[in-house]
Amino acid sequence: MKIFYRILISSLLLIFFIIIYLSFFGFETKRFNNQISEKIKDIDPSLNLKLKKIKIILNPLELMFDVKTIGPKLMIQNKVLGLENVKTQIQFSSLFNKNVKVKNLNISTKSVKLDDLISFVRILDQKPQLYILEKIIKNGFLVADIKINFDEKGKVKKDYIINGFVKDLDLSILKKNQLKKINFEFNYQENHLSFNDINFKFDNLNFSSKNLVINRQKKEYEIKGEFQNQTLSLNKKNIDLFIQPYVSFLDIEDIKFTSQNKFFFKINKKFKLKDFELKSDIKIESAKFNNKFNLKDFFPQIKKNINITNHNLQINYKNNSFDIIGEGNILFQNNLDKLIYSINKKD
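Residues numbered from 1 in each chain as written. Predicted model: local features only at pLDDT ≥ 70, side-chain atom pairs only at ≥ 80, totals over all residues. Heavy atoms only, no water.

Draft legend 1. Seen up close, a positive patch on the surface. Together, K50, K52, K73 and K110 make up a positively charged patch on the protein surface. On the secondary structure map, K52 appears in the loop between β2 (48-50) and β3 (54-59). (Patch = residues over 30% accessible without salt bridge, like charges linked within 9 Å, V, L, I, M, F, W, Y side chains within 5 Å. Areas by Shrake-Rupley, 256 points an atom, 1.4 Å probe, with all protein chains shown as cover. Salt bridge = Lys/Arg side-chain N within 4 Å of Asp/Glu carboxyl O. Lys, Arg positive; Asp, Glu negative; His and termini not counted. Charge placed at Lys NZ, Arg CZ, Asp CG, Glu CD. Helix = DSSP H or I, 4+ residues; strand = E, 2+ residues; numbered from the N terminus.)

Okay, here's the thing in structure tokens:
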């Protein structure tokens, strides 16, 4: 009887230490390489995944094995995309069966050049939007984590998640001006794409945004977000680009301001915009206008330049109509005056 207990205790201790070892150290093998590579082909048959040895760690609480491989390569035709790692989970019983059931794949990329990534994806998908992206992207890097789940038949579910960040992106959209040093975090889930902590330079001016959200609604997309800027001082070139086209009746020399803006619009697959809305709170520290107004009869000592300071503006734009409410100081003649005004334009 004592011998039996000794054998039992020894067996239990051995099993315990095996579980501890497999849970913390695991083991390496190439046994599941083919199965994992086949799962990549479920995403697209033209994709190939080149794996090194994979490491298997026991997850005793879920009766699963956590599988991880470092430095795999994703290939299609002559294009190669370097990955940081690929992770998955397989059932405990898979060690003893030929048919391995892979529940999910977690793929982490290395820092990838965006133009290389777009070229890679275009081989899989020939959408015109990707062609346009390939033409306007000049610089930038992306790091992403992709989480893919498989159903009972081994097919990819639609609930996959992609998140990551983009750094130092340059876009050549206009001939004379570029969006530069664009940085943001992103998250994609089914029909929903969000961007956070966005900052960028346009015409050497700094802008930022807390969030931008794109939701797919049948045949169109809803886009909403916000952007803001710290104190900006615009010269004549900046003014002609950003402001003058919308207030052609004003001849603005310079302006210094901060702003908080929220916007919403819809866009279809042909890039046609509709239902544009904009709400802006603008604080103008100072601005100078050339006096083009015939106001001599009302203000005999009116100056050549009109100056405004400490101005608060509220702008609401919707359906081609807008309301502007403003209040602040204005210098027409020799003394500051208080100016309160409202401008309305209906479609």
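Further notes follow.
Draft legend 2. Representation of the nonpolar core in the model. Counting residues in hydrophobic clusters, the biggest one holds 38 residues, and the most contacted among them are I36, L49, L74, L169 and F184. Excluding residues within four positions of it along the chain, L169 makes contact with L114, I137, N139, G140, L179, K180, K181, I182 and F184. Of all hydrophobic cores here, the second largest spans 22 residues; its members include I252, I255, I284 and I308. (Core = buried A, V, L, I, M, F, W, Y, C linked by side-chain atoms within 4.5 Å. Buried < 20%, exposed > 50% of the residue type's maximum accessible area, 1.4 Å probe, protein only. Contact = heavy atoms within 4.5 Å.)

Draft legend 3. Quick peek at the pattern of salt bridges. Taken as a whole and assessed by the stated rule, the structure comprises six salt bridges. A salt bridge links K266 to E220; the shortest N-O distance between them is 3.9 Å. Separated by 46 residues along the polypeptide, K266 in strand β15 (residues 251-268) and E220 in strand β14 (residues 220-234) bring together distant segments of the chain. Both residues of the pair, K266 and E220, belong to the buried class.

Draft legend 4. Examining helix α3 (residues 114-124) more closely. All buried positions along α3 are accounted for by L114, L117, I118, S119, F120 and R122. Summarising the contacts, the buried residues of α3 are in contact with β5 (73-76), β6 (79-91), β8 (112-113), α4 (128-136), β9 (137-149) and β10 (161-171).

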